Structure formats: C-alpha cells, structure tokens
Amino acid sequence: MDRDDVEKARHAQRGAGSEKTSDFRPPTSDLANLEAMLSSLAPRAAGIDRDRLMFLAGQASALPPPMGQGRGEGEAPSSLPLPLGEGRGEGEAMRGAASAQTTHSPDSAALTLTLSQRERGQRGRWAWPAAFSAMTALAASLLVVLVNRPEPRVIERIVRVPGERPMAVADSPHIERDQPTLETGLASSPARPYAAFGESYLHARDQVLAFGLDSWVHAEPTPTSSDETTPSSYRDLRQSLLQ
Amino acid sequence: MDGLGPELLGRLLDEHGDALTLYARGWCEAPEDVVQDALVQLMRQPRLPERVVPWLYRVVRNGAISASRAAGRRRRHEALAAQREESWFVLAAGERLDAVAATRALQELPEEQRETIVARLWGGLTFEDIAELTGASSSTAHRRYEAGLAALRERLGVAWIETT
C-alpha cells in the first residue's frame, strides 16, 4: 500500500465524516494502514427513497412533536457540523407534500410554521381532551350524587279539627243541602262521630287510630230518641219547622 | 427559524445516509427504514440538535436495536445469514481490500468493536461521541477500536498484504 492510497483514504474519510479530531493515534503503522484501507471502502448506497423521505419529513415538520420529544431534545440553535454544498431542489416535493415547514430558506417563508403556532396547536390539542375529561368527571359525580341521594322524608302531620264546627254545619240546613250526604261513615262530617259518641273528637280519633276504622263503625251507638225525630230529608225538615 | 430545511436534509442524506445505513446494518435487516425514521424524527424537532450527526447516530442506534428486538432472534439470525452473502461496501475494481471479505470480517467482530469502527471510520465520530453513543468512556471506545482493528488485520491478513 503506497502513500498515495493512504492519503486518498484519509481524504475520503474527511469527506465522509464531519470532524475527525486528533484524539486517536494509531499505535502502529499496520493499524494505520488498515484504517486507511478500510476508510477507502465506500459503504453501499442506502436504498432510501428520497422523494418519500422528503414527503415524510414534510409531514413530520408540519405536525407538532409528540409528547416527551422535541422540546427537550432541542438545544440552542447552532450550525450544522457538515460541509454544505448546493441544494438540488429536492425540497419541492417536500413543500408540496406539507402545508407548513420549518426551513431556513426565505422563499418558503409563506409556508413556515412558527414556534408560536406550534405551541398554539399543542395547546389546542389538549383543549378538547381536557374539556372531555372535565365533563366526564362532572357527569360521574352527578351520577354518584343521584344514586346516593336519600329517600324523600315522609312528614306525618296531624290536623286538629275544632269540634264545634261540625255541629254548626249540621245545624245549618242550606249547607246540608249544598253538601249531599255520603254513605260512608269516614266521608261524613266529623260531627257524626262526635255527636254519636257524645265524647270529644280527640277520643274518637284516638280510638280510630288505635283500633282502626272498623272498630269505630261497629262501636257506633244506636240512634237515640232524638235521632228518630230528625228529619230524613229537607222536605221533612221544612214541615217540622213549619209546625 | 431554527428548524431543518429540505436542502439540509438532502445534504444529510447524501453525506451521511450511507454511513448511517452501514451503521444500522450491524443490528437490523432493514437499515434504510431506520435511517429514514431517524431523518424524519430529526425533522420533527422544533430546534436542531446541537450536534446533528452524533444525534442521528444515536437515534439510528436506538432504532436499529429496537427493530432487531422486534424482529426476533430467529429472524435476525436468518437475516444475518442472508447478509453474509452480500457486501456492505461498494464493489470496486482495484481496491486493495476485498469488499466482501471486509464485510465478513466486520460481521464477525463483536458488536461493540464493530459499531465503534463503523462510527469512527465511516461515520467520522470522535471517540467522545462514540463513548456517549455507547454509554462507555472514551478510553473504552478507543480500546475497542484498536482491538477491532487488530482483529480485522488478523482476519483480512493485512500484514501479509503489506509484505507482499
């Protein structure tokens, strides 16, 4: 292996790599020669479809970075450690594929996507899931409240009816005309048990509450002699009054 | 803007695509897909990494290892057996080293030595970059490089080539 081959290999190595510092010193000339010979071998061309790569790259640049990626990786902007040649216009497919693109070239400024737009897009991406989560939590809490709601309270209220009022009603004939008599003892006015028992209304009520309505009906006393003279209808009542 | 433009992406592909693919060949059977994914991932970065080429090698390394794990051991062995039949380098007349022999010699190297040599010789990374890439120290990377070169010299018979 002559010196020209070594120099050629080193030149190819510098062209292929970025920076080759002097942190490595081959210990022997044999290894240096082997290093040069290996460097002269060109790697087989990668079968990467350039158009597809540009298309995918354009898509990727338009989309916001995924979670846990991007912002943390990004460092202060710096220049590429690459020898940069002339562009070959492969970005046209990329520009056509993506709606927005982060690029250095000023002619594509209209298609650029600023960082603030990306941040807005990232916030907007979280807005709907956050709203959905909040509404779901609200609906779940309302469901829990509905299920665990206590039964409505039943309030028992005892209404005391004054005892004189039924008597007044019974004594008034036109009221009796307006309120036709009912067959059941319960629907009849409270004056009936009150008058029948000759006791207080409270006593009759306690009896009914304690033993039921049947006990009150069966315990109803036979009509007295005064009841026999009681007119059975309004006509009889009028005749008796006229007499 | 501090993103990566299409022109720079094209230059990255031209100047480092082959070496990155060669680097990924040590693990997986579809190195082009891994390199393509790494470049797309680079485009997704809102800001360029401070050092793009080592960043790409790190992403390619992770992607290639993940791809090889996903492919499974049986398929990986089959792929490696199939790869032994083809060269990793361009076959050119007049080369002092046989590309196929160099490929076989590289494939037979331990993984650490092989990736160190590929990243150093064809990727142009420094030993500090390789150390950061492999999670080892610079001296370890240097030692692996020398050991790999010595193993390649034995397998390729460079000493014999030199003497003749």
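All of these numbers come straight from a predicted model, not from anything done at the bench.

## A word on the overall build of chain B
Turning to step 1, where the next piece is worked out: Counting secondary structure elements, chain B contains nine helices and zero strands.
Turning to step 2, where the next piece is worked out: Going through the 164 residues of chain B one by one, you find that 52% of them count as buried.
Turning to step 3, where the next piece is worked out: Taking all contacts inside chain B whose residues are at least 6 apart in sequence as the whole, residues at least 24 apart take part in 64%.

## Some details on the nonpolar core
Turning to step 1, where the next piece is worked out: In this structure, Ala57(A), Tyr23(B), Ala24(B), Leu39(B), Leu56(B), Tyr57(B) and Val60(B) are the most contacted members of the largest nonpolar core, which totals 58 residues.
Turning to step 2, where the next piece is worked out: For this core, the element with the most residues is helix 1 (residues 6–25) of chain B, which contributes nine residues.
Turning to step 3, where the next piece is worked out: Shared between two domains, this core takes at least three residues from each, and those domains are domain 1 (1–83) and domain 2 (93–164) of chain B.

## Thoughts on the packing of helix 2 (residues 31–44) of chain B against helix 3 (residues 52–71) of chain B
Residues and elements named next belong to chain B.
Turning to step 1, where the next piece is worked out: Relative to each other, helix 2 and helix 3 sit at 135°, their axes nearing to 9 Å. Between helix 2 and helix 3, the angle falls in the class oblique. When you trace helix 2 past helix 3, the crossing you get is right-handed. Contacts between helix 2 and helix 3 involve Pro31, Val34, Val35, Asp37, Ala38, Gln41 and Leu42 from the former and Leu56, Val59, Val60, Gly63, Ala64 and Ala67 from the latter.
Turning to step 2, where the next piece is worked out: Each residue belonging to the contact of helix 2 with helix 3 can be placed in one class, and the counts come to 10 nonpolar, two polar and one charged.

## Thoughts on the confidence of the model for chain B
Turning to step 1, where the next piece is worked out: Chain-level statistics for chain B give a pLDDT mean of 82 and a share of 84% at 70 or above.
Turning to step 2, where the next piece is worked out: For this predicted complex, the interface confidence reaches an ipTM of 0.77, while the overall pTM sits at 0.48.

## What about the environment of Ile48(A)?
Turning to step 1, where the next piece is worked out: Structurally, the position occupied by Ile48(A) is in the loop between helix 2 (29–40) and helix 3 (50–62).
Turning to step 2, where the next piece is worked out: Classification of Ile48(A) as partly exposed rests on a count of 18 C-beta atoms within 10 Å.
Turning to step 3, where the next piece is worked out: In this structure Ile48(A) touches Leu53(A), Leu13(B), Gly17(B), Glu32(B), Val35(B) and Gln36(B), once residues within four positions along its chain are discounted.

Analysis parameters
Residues numbered from 1 in each chain as written. Chains lettered and ligands numbered in written order. Predicted model: local features only at pLDDT ≥ 70, side-chain atom pairs only at ≥ 80, totals over all residues. Helix = DSSP H or I, 4+ residues; strand = E, 2+ residues; numbered from the N terminus. Buried ≥ 20, exposed ≤ 12 C-beta atoms within 10 Å, placed from the backbone. Contact = placed C-beta atoms within 7 Å. Core = buried A, V, L, I, M, F, W, Y, C linked by C-beta atoms within 7 Å. Domains from an automatic or database assignment. Axes fitted to C-alpha atoms, helices over the stretch in contact; angles between N-to-C directions. Parallel < 35°, antiparallel > 145°, perpendicular 65-115°, else oblique. Left-handed = near helix turned anticlockwise from the far one by under 90°. Nonpolar A, V, L, I, M, F, W, Y, C, P; charged D, E, K, R; others polar. pLDDT = per-residue confidence, 0-100.

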